[in-house]
Amino acid sequence: MPFIPFVLFAALYLFTINSMTNTLCIQKEISEEKQPKVFRTINILIMILLTSSFVRIFFT
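Right, let's walk through the structure included here. Here the structure is a predicted model, which is why all the values come from computation and not from measurement.

1. Here's the deal with the packing of helix α1 (residues 3–27) against helix α2 (residues 35–59)
Link 1 in the chain: Interhelical geometry of α1 versus α2 gives an angle of 155° and a closest axis separation of 10 Å. Put simply, α1 runs roughly antiparallel to α2. Between α1 and α2 lies a crossing whose hand is right-handed.
Link 2 in the chain: Here the residues of the contact of α1 with α2 sort into 18 nonpolar, six polar and no charged.

Written out as C-alpha cells, the structure reads:
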C-alpha cells in the first residue's frame, strides 16, 4: 500500500510538468506541428525519471 502516495505524487508531478510545457510552447511560439513532439519527448523523459525513482525507493 505504500505505492498509492507515490502514484498520486507522480500524477500531480506529470500534470504540473505538462502545464509548464504548455506555457513554454506558448511563450516560445512553438508551431502547432511541433508541439505534440515536444510534449511526447518531455512526457517520456518524466516517465523514465518517475519509474527509476519508484524502483529506487521501493526495491532497494
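Picking up where we left off.
2. Some remarks on α1
Link 1 in the chain: Compared with an ideal rise of 1.5 Å per residue, which puts 25 residues at 36 Å, α1 spans 36 Å between its outermost C-alpha atoms and is within 8% of the ideal.
Link 2 in the chain: The set of residues buried in α1 consists of F6, A10, I17, T21 and C25.
Link 3 in the chain: In the core, the buried residues of α1 are packed alongside α2.
Link 4 in the chain: At the C-terminal side of α1, E29 shows a positive phi close to 50°.

3. Some words on the environment of F6
Link 1 in the chain: Inspection of the secondary structure puts F6 in helix α1.
Link 2 in the chain: Expressed as a C-alpha distance, the spacing of F6 and T23, which sit 17 residues apart in the sequence, is 26 Å.
Link 3 in the chain: F6 has contacts with L50, S53, F54, I57 and F58, leaving out every residue within four places of it along the chain.

4. Examining the packing of aromatic side chains
Two descriptors summarise a pair of aromatic rings, namely the distance from one centre to the other and the angle between the planes of the rings.
Link 1 in the chain: Inspection of every chain in the model, using the stated rule, returns eight aromatic pairs.
Link 2 in the chain: Centroid distance F3 to F58: 5.0 Å. Interplanar angle 75°. Geometry classified as edge-to-face. Residue F3 is located in helix α1, and its partner F58 is located in helix α2; the two are separated by 55 residues in the primary sequence.
Link 3 in the chain: Using a relative accessible area of 37% as the deciding quantity, one classes F3 as partly exposed.

What counts, and at which threshold
Residues numbered from 1 in each chain as written. Predicted model: local features only at pLDDT ≥ 70, side-chain atom pairs only at ≥ 80, totals over all residues. Heavy atoms only, no water. Axes fitted to C-alpha atoms, helices over the stretch in contact; angles between N-to-C directions. Helix = DSSP H or I, 4+ residues; strand = E, 2+ residues; numbered from the N terminus. Parallel < 35°, antiparallel > 145°, perpendicular 65-115°, else oblique. Left-handed = near helix turned anticlockwise from the far one by under 90°. Nonpolar A, V, L, I, M, F, W, Y, C, P; charged D, E, K, R; others polar. Expected span 1.5 Å × (residues − 1). Buried < 20%, exposed > 50% of the residue type's maximum accessible area, 1.4 Å probe, protein only. Contact = heavy atoms within 4.5 Å. Phe/Tyr/Trp six-rings, centres within 6.5 Å; stacked < 30°, edge-to-face > 60°.

On their own, these measurements won't tell you what the molecule is for.
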